[in-house]
Structures are given as structure tokens and as C-alpha cells.
Amino acid sequence: PVRLQLPDKISKYSETPEFDETTVPAKLTRAHRTKASTWSRLVVSAGTVEYVIPGPLMQSQLVSAKESIIIEPAVEHFVRCPGKVSFRIEFYRET
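This is a predicted model, so every value here is computed, not measured. (Residues numbered from 1 in each chain as written. Predicted model: local features only at pLDDT ≥ 70, side-chain atom pairs only at ≥ 80, totals over all residues. Heavy atoms only, no water.)

1. Side note on the environment of Ser14
Looking at the secondary structure, you find Ser14 in strand 1 (residues 10-15). Ser14 gets classed as partly exposed once you look at its relative accessible area, which sits at 32%. Setting aside residues no more than four positions away along its own chain, Ser14 makes contact with Ile89, Glu90 and Phe91. (Helix = DSSP H or I, 4+ residues; strand = E, 2+ residues; numbered from the N terminus. Buried < 20%, exposed > 50% of the residue type's maximum accessible area, 1.4 Å probe, protein only. Contact = heavy atoms within 4.5 Å.)

Here is the structure:
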């Protein structure tokens, strides 16, 4: 299952600017991974973003405005923007 809460004892160290369906970097729409020590949170401000964990047991989660989802370290994933959206990615590490 997809995580909805960050673990304890981590702190935010960076975040992206707000992206929309026309400015989302191509690397986010292709399968990629964060570092083994980096947690991320996908925060949707408007519209709906699809968060996908590819593989034989592919998982997909729609994340709507005012919702967020946790991206675990080193987990392969990508996003799809099926319509008008606004979102950012926050980055966290252990403290």
C-alpha cells in the first residue's frame, strides 16, 4: 500500500517550485528513484496527479487537490498528469 504519513525524525530540506501539466519536468513522468536516504511528499494544489509505482504488481494512486502522498526512499515511481494540475515535491531526510 501507498504511505500517507511521513515517518518520525525526518525534516524537510528542499522542495520544487509548483509544476503544472505543461511545466512538469520529463524526468518526473518517467520511472525514477530518490536516493536511499531521501523521503519525498507529492503535494497537489489543484487538479489530480496519478502516482505510479511500476512493475509486475504495479500500484497507482490518484492524488487530488489538497491531498498529498509519501514517496518512500529508493522506490521506483513516476507521475502522470491527466488534466490541469498544480503540484510540488517536498524532500525530507533523517534528522
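There's more to say after this.
2. Description of the side chain of Ser86
Secondary-structure assignment places Ser86 in strand 8 (residues 86-94). Looking at Ser86, its side chain comes within polar contact range of the side chain of Glu18, at 2.6 Å. (Polar contact = N/O pair within 3.5 Å; in protein donor to acceptor, adjacent residues only side chain to side chain.)

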